[in-house]
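Results of the structural survey
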Amino acid sequence: MAASILHITDVRCCRPQGDPIFSHVNFTVNERDILVLQGKSGSGKSTLMKCLAHLNLYDGEIQYREKSPQSYGIPTYRTRVQYVPQRTSLLPGTPRDFMEAVASFSSFKHQSPVDKQLLGKRHILSDRPIHVAEAWGIEQELWDRSWGNLSGGEAQRIALAIAVGMQTAEVLLLDEPTSALDADTSEMVERFLVNEVKNGETNLKAIVWITHSEEQGRRVGTRYLRIDPSGIHEEPEDSTV
Ligand SMILES: Nc1ncnc2c1ncn2[C@@H]1O[C@H](COP(=O)(O)OP(=O)(O)OP(=O)(O)O)[C@@H](O)[C@H]1O
């Protein structure tokens, strides 16, 4: 049986006014899962992803590898269980700045004391995100343009390439990751992500994937979850809508 990575128990999230968006959310994310998360618009899919990444307040318990997010330190936890938002235009700076910030919470912590002394606060940046993005049609100069000046599709591919290419995440939380892409580019990105999880050769072990596209859900999913105010329900593969 596949090892469990994330265990979600009785999670509930409320609007600032206090009324619940959803309650009684229980499920487990296992290695090799691509969990397609579906539900009506406004049912709380993005909110649940933000709870899983510890970006939103919630009641209940989330355990990663049988320990609380706090026990890893929240910034480090967020590099292991990483949320990729639908829109990146509100991020400050450039994609390269963002990559540097992610690296500061991951690679620096794993350097030897000698490396730390030599490098100070600089971090060794992998160029894999740049190569992944290049394979998806992203030119190098775009890495130094501010997020707000990239097209929706460019920003979406770069954000995904960083999340996959940095190789810090075991679980990626993808919020409509190809919504701004044309059909061919979308399928190319999908195939890449599915292969990463299937091959088991990188750090990426599972994906939770929000999509409104029935076809995409069928192409990528291994399990299907539907959220509504009463909780989350697992559906058999052939009943996805
Ligand atoms: N900060 C907030 N303040 C008040 N209400 C909020 C806040 N964030 C989310 N909500 C509300 O919570 C509900 C769930 O929003 P969420 O974005 O999670 O839904 P969703 O299922 O991802 O929707 P969509 O499919 O349209 O993207 C919505 O009614 C939304 O208006």
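Values in this document were obtained by computation on a predicted structure and should not be read as measured data. (Residues numbered from 1 in each chain as written. Predicted model: local features only at pLDDT ≥ 70, side-chain atom pairs only at ≥ 80, totals over all residues. Heavy atoms only, no water.)

1. With respect to helix α4 (residues 95-104)
Let me state the cut-off plainly: The classification of residues rests on relative accessible area computed with a 1.4 Å probe and restricted to protein chains. Under 20% of the type maximum is buried, over 50% is exposed, and intermediate values are partly exposed. The way it works is that DSSP assigns letters per residue, a run of H or I at least four long becomes a helix, a run of E at least two long becomes a strand, and they are numbered from the N terminus. Read the arc as the range of directions from the helix axis to the C-beta atoms. Residues count as neighbours in contact if any of their non-hydrogen atoms are within 4.5 Å of one another.
Regarding α4, the residues found buried are Pro95, Met99, Val102 and Ala103. Mapping the buried residues of α4 onto a view down its axis gives an arc of 100°, with all of them on the same face. Each element contacted by the buried residues of α4 is listed here: α3 (74-80), α6 (128-135) and α7 (152-165).

2. Some remarks on the sheet that holds strand β2 (residues 20-30)
Test applied: Only strands that DSSP links by at least two bridges are regarded as paired with each other. Axes here mean lines fitted to C-alpha atoms, for a helix over just the part in contact, with angles spanning 0 to 180 degrees between N-to-C directions.
One open sheet accounts for three strands, arranged β2-β1-β4; its pairing is antiparallel. Across the chains shown, the open sheet's two edge strands, defined by having one partner strand only, are β2 and β4 (59-64). Averaged over neighbouring strand pairs, the angle between their axes works out to 10° when direction is ignored. The sheet contact formed by strand β1 (residues 4-14) and β4 spans five bridges and is antiparallel. Across the sheet, residue Leu6 finds its bridge partner in β4, namely Tyr64. The sheet strands contacting helix α1 (residues 45-52) are β1, β2 and β4, and the helix crosses β2 at an angle near 60°.

3. A short note on the site of the ligand
Threshold: Throughout this document, a residue counts as near a molecule or strand when at least one of its heavy atoms sits within 4 Å of that molecule or strand. Contacts described as polar in this section are N or O atom pairs within 3.5 Å, which, within protein, must combine one atom able to donate a hydrogen with one able to accept it, while residues neighboring in sequence count only if both atoms come from side chains. Accessibility throughout is a Shrake-Rupley quantity obtained with a 1.4 Å probe, and a residue counts as covered only by protein chains that appear here. For this classification, the nonpolar set comprises Ala, Val, Leu, Ile, Met, Phe, Trp, Tyr, Cys and Pro, the charged set comprises Asp, Glu, Lys and Arg, and every other residue, Gly included, is treated as polar.
The environment of the ligand is made up of 13 residues, and the closest members are Ser41, Gly42, Lys45, Ser46 and Thr47. The separation between an oxygen atom of the ligand and a polar main-chain atom of Ser43 is 3.2 Å. Gly44 places a main-chain nitrogen or oxygen 3.0 Å from an oxygen atom of the ligand. When the free accessible area of the ligand is taken as 640 Å², the share hidden by the protein chains comes to 59%. The biggest single contributor to the shell around the ligand is α1, with three residues. Classifying every residue of the shell around the ligand by side-chain character gives two nonpolar, seven polar and four charged.

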